[in-house]
Amino acid sequence: MNLRHLITAVAAAALTLTGITTASAQTEHKPKPTVVLLHGAFADAGSWAGVTERLQRDGYTVVAPAVPLRGIAADTSYLKGVLDGIQGPKVLVGHSYGGALVSELAGTSGVKSLVYVAAFIPQAGETIGALNAKYPGSELGPDTTNAISYPGGVDLVVKPEAFHRVFAADLPARQAAVLGASQRPIAAAAFDEQVAVTAPAALPKYALVPTGDHAIPPAAELFMAQRAHATTVEVPGASHLVAVSHAGTATRLIEQAAR
């Protein structure tokens, strides 16, 4: 090989190496998706505090909006506006009733995966009330909830004395009492409102199922997760508020979905 050919070969190798280095750098600096955490009925965004802290520590941008809890169509419309203001890829995470909203919002631009935490994963035409009654085990009902009537309709709240048992059995009683005191009511009509769409089959789905859930029967959660072909993690003995009692486990599943 003469000198000119040697110089050409070295230059080509340098360009190739530069290209590999640049591609690697771009991969390393690829922005992480924004994680959107949707709380469910009888809760608020504070129930995501432990998960939010961990995700932020790991470099994720987190948005945990206040869900109006006025009904599936109304809440979806509001949250669509929230998502439209978030640039780039997004991972949607729903707890309980929030799972129905995640499914409704799955077609929003930028959504890359869905995570259901002790949540409903409904299909078009179904109601969360019917899904909750499909298997035995839910303790939500007239004996454990109070109705709040007002000129616009009826809201439901979990009775203070029932909140620990139904929602947070694996948490200390004092912590459960605080969470019960700050719970947000949901429109009773939301339980009978039909879901409009089924989440796209091609979108990756993940489900966290607490086996000690007394709000949504674990059998119902497993049925919905299997039907949706979701990657499923069971948490033995965990309560409906599994994102509070097992924040680390919930965070790891969300980060798996984000990757």
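Our structure's up above, just so we're on the same page.
Remember, it's a predicted structure, so these values are computed and weren't measured experimentally.

Cut-offs used in this document
Residues numbered from 1 in each chain as written. Predicted model: local features only at pLDDT ≥ 70, side-chain atom pairs only at ≥ 80, totals over all residues. Heavy atoms only, no water. Helix = DSSP H or I, 4+ residues; strand = E, 2+ residues; numbered from the N terminus. Contact = heavy atoms within 4.5 Å. Areas by Shrake-Rupley, 256 points an atom, 1.4 Å probe, with all protein chains shown as cover. Pairing = 2+ DSSP bridges. Salt bridge = Lys/Arg side-chain N within 4 Å of Asp/Glu carboxyl O. Buried < 20%, exposed > 50% of the residue type's maximum accessible area, 1.4 Å probe, protein only. Axes fitted to C-alpha atoms, helices over the stretch in contact; angles between N-to-C directions. Parallel < 35°, antiparallel > 145°, perpendicular 65-115°, else oblique. Left-handed = near helix turned anticlockwise from the far one by under 90°. Nonpolar A, V, L, I, M, F, W, Y, C, P; charged D, E, K, R; others polar.

Right, let's get into the overall build of the chain. A tally of regular secondary structure across the chain gives ten helices and nine strands. In the chain, once contacts between residues fewer than 6 apart in sequence are set aside, the share between residues at least 24 apart is 71%. Of the roughly 12,000 Å² of accessible surface on the chain, a fraction of 59% belongs to carbon and sulfur atoms.

The strand order across the open sheet built from three strands is β5-β6-β7, with neighbouring strands paired in antiparallel fashion. Of all the strands in the sheet, just β5 (145-150) and β7 (186-187) have a single pairing partner and so form its edges.

Within the structure shown, the criterion is met by four salt bridges. Here Arg 165 and Glu 139 are joined by a salt bridge, their closest N and O atoms 2.7 Å apart. With a gap of 26 residues between them, Arg 165 in helix α6 (residues 160-167) and Glu 139 in the loop between α5 (128-132) and β5 connect regions that are remote in the sequence. Look at Glu 139 and you get partly exposed, because its relative accessible area is 27%.

Right, let's get into the environment of Ala 133. If you trace the backbone, Ala 133 turns up in the loop between α5 and β5. You can call Ala 133 exposed: its relative accessible area is 61%. Linking Ala 133 and Pro 217, residues 84 residues apart in sequence, is a C-alpha distance of 8.4 Å.

As a further point, take the packing of helix α2 (residues 49-57) against helix α10 (residues 247-258). Where α2 meets α10, the closest approach of the two axes is 9 Å, and the angle between their N-to-C directions is 50 degrees. One way to sum up the angle between α2 and α10 is to call them oblique. In this structure, α2 meets α10 at a crossing whose hand is right-handed. In contact with Gly 50, Val 51, Arg 54 and Leu 55 of α2, α10 contributes Ala 247, Gly 248, Ala 250, Thr 251, Ile 254 and Glu 255. Here the contact of α2 with α10 is composed, by residue class, of five nonpolar, three polar and two charged.

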